[in-house]
Amino acid sequence: MIVVTVRGADAVAEAWRHLPAAIEQRLAAAAASFGATLGALVQDVNLDGAVLQRRSGRMADSIAVTTEQAPGKITVRVGSDVAYGAFQEYGFTGSETVRQHLRTLTQAFGRPIKGGAKRILVSTYQRRIDYPPHSFLASALAQSAQGGIEQIKAAVGDALAEG
């Protein structure tokens, strides 16, 4: 008969019981850091000439980074709430309706109109659009994905080393 006695098993079991919470805490910090890095990359690089040229700055100002934590789940969202953000990110092919509007004519055949500018009514019409995607969000994620993976590995490693 062989008898095996493990000394300190209670201490090991106690350490293992707290390990998931420690890993989750470290992962939450890593996720928040990665989200901030990703948001900065979108605002300072992709929306400042790398993918899209900055015009008014409204798109860059609308970039929001949120981190949500629930038991067993950490979610980081980086996005924009401007109406044309999806149009830029995914592109568009199709037709759109241009509503009726007034147009001011100041020239005809390259020459100024006598008597000043004239306003004409333009009726509603359909126009065809073939706008390619200009990915400012997905491209930032692709650029920084490896760094995010490294942050996750480091967070788990630190929690394991500490626990």
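Summarised in this report is the structure supplied together with it. Keep in mind it's a predicted model, so treat the numbers as computed, not measured. In this convention, every chain numbers its residues from 1, walking through the sequence in written order. For this predicted model, a pLDDT threshold of at least 70 governs which residues receive local features, and a threshold of 80 or more governs which side-chain atom pairs are given and counted, while totals over whole chains, interfaces and linings are taken from all residues. Side-chain measures here rest on the full set of heavy atoms in the structure, leaving out hydrogens and waters.

1. A closer look at the overall build of the protein
Here comes step 1: Regarding its fold elements, the protein presents 4 helices and 8 strands.
Here comes step 2: Element order for the protein, N to C, with α for helix and β for strand: α-α-β-β-α-β-β-β-β-β-β-α.
Here comes step 3: Along the three orthogonal principal directions, the C-alpha set of the protein runs to about 110 × 25 × 20 Å.
Here comes step 4: Any residue under 20% of the maximum accessible area for its type is buried, any over 50% is exposed, and the rest in between are partly exposed; the area is computed with a 1.4 Å probe on protein chains only. Every one of the 163 residues in the protein was classed for burial, and the buried ones make up 23%. Going along the chain from the N terminus, every DSSP run of H or I of four or more residues is numbered as a helix, and every run of E of two or more is numbered as a strand.

2. Some remarks on the pattern of salt bridges
Here comes step 1: We count a salt bridge whenever a side-chain nitrogen from Lys or Arg sits within 4 Å of a carboxyl oxygen from Asp or Glu. Here the structure, examined in full by the defined rule, presents 4 salt bridges.
Here comes step 2: Its salt-bridge partner being R26, residue D158 comes within 3.6 Å of it at the nearest N-O pair. With D158 in helix 4 (residues 138–162) and R26 in helix 1 (residues 9–44), this residue pair connects regions lying 132 residues apart in the sequence.
Here comes step 3: For R26, a relative accessible area of 29% gives the class partly exposed.
Here comes step 4: A salt bridge links R77 to E68; the shortest N-O distance between them is 3.1 Å.

3. Notes on the packing of aromatic side chains
Here comes step 1: Ring pairs are drawn from Phe, Tyr and Trp, using the six-membered ring of Trp, whenever the two centres fall within 6.5 Å, and their geometry is named by plane angle: stacked under 30 degrees, edge-to-face over 60, tilted for the rest. For the structure on display, the rule yields 2 aromatic pairs.
Here comes step 2: When the ring of F87 is compared with that of F92, the centres are 6.3 Å apart and the planes differ by 35°; the resulting orientation is tilted.
Here comes step 3: In this structure F87 comes out as partly exposed when scored by relative accessible area, which is 30%.
Here comes step 4: Summarising the aromatic geometry, the rings of F87 and Y131 are spaced 4.7 Å apart at their centres and angled 20° between planes, so their arrangement reads as stacked. Remark: Y131 occurs in strand 8 (residues 125–131) and F87 occurs in helix 3 (residues 85–90); sequence separation between them is 44 residues.
Here comes step 5: An aromatic cluster is present here, built from F87, F92 and Y131 joined pairwise through their rings.

4. Some thoughts on the pairing of strand 2 (residues 73–79)
Here comes step 1: Two strands form a pair only when DSSP identifies at least two bridges running between them. As judged from the 7 bridges shared by strand 1 (residues 64–70) and strand 2, these two strands associate in the antiparallel manner. Along strand 2, the bridge assignment pairs A70 with K73.
Here comes step 2: Counting the residues between successive antiparallel strands, the hairpin from strand 1 to strand 2 contains 2 residues, one of them, G72, with a positive phi of roughly 80°.

5. Side note on the side chain of E89
Here comes step 1: Topologically, E89 is positioned in helix 3.
Here comes step 2: Buried and unpaired, E89 has no salt bridge, with R54 as the nearest side chain of opposite charge at 15 Å.
Here comes step 3: Throughout this description, a polar contact denotes any pair of N or O atoms lying within 3.5 Å of each other; where both atoms belong to protein, one of them has to be capable of donating a hydrogen while the other can accept it, and for residues adjacent in sequence the pair is counted only when both atoms sit in side chains. Within the structure, the side chain of E89 is placed 2.8 Å from the side chain of S135, a separation counted as a polar contact.
Here comes step 4: At a separation of 3.1 Å, a polar atom in the side chain of E89 contacts the main-chain amide nitrogen of A138.
Here comes step 5: In this description, contact between two residues means that some pair of their heavy atoms is separated by no more than 4.5 Å. Residues contacting E89, with those up to four places away along its chain left out, are P133, H134, S135, F136, L137 and A138. Neither His nor the chain termini are counted; the positive set is Lys and Arg, and the negative set is Asp and Glu.

6. Observations regarding a nonpolar patch on the surface
Here comes step 1: A cluster of nonpolar residues, Y84, F87 and F92, forms a patch on the protein surface that exposes about 230 Å² of accessible area.
Here comes step 2: Relative to the helices and strands, Y84 is located in the loop between strand 2 and helix 3.
Here comes step 3: When its relative accessible area of 32% is taken as the criterion, Y84 is described as partly exposed. Residues enter patches when their relative accessible area tops 30% and they take part in no salt bridge; the joining distance is 9 Å for like charges and 5 Å for the nonpolar side chains Val, Leu, Ile, Met, Phe, Trp and Tyr. With residues, only the protein chains shown are counted as cover, and all accessible areas are computed by Shrake-Rupley using a 1.4 Å probe.

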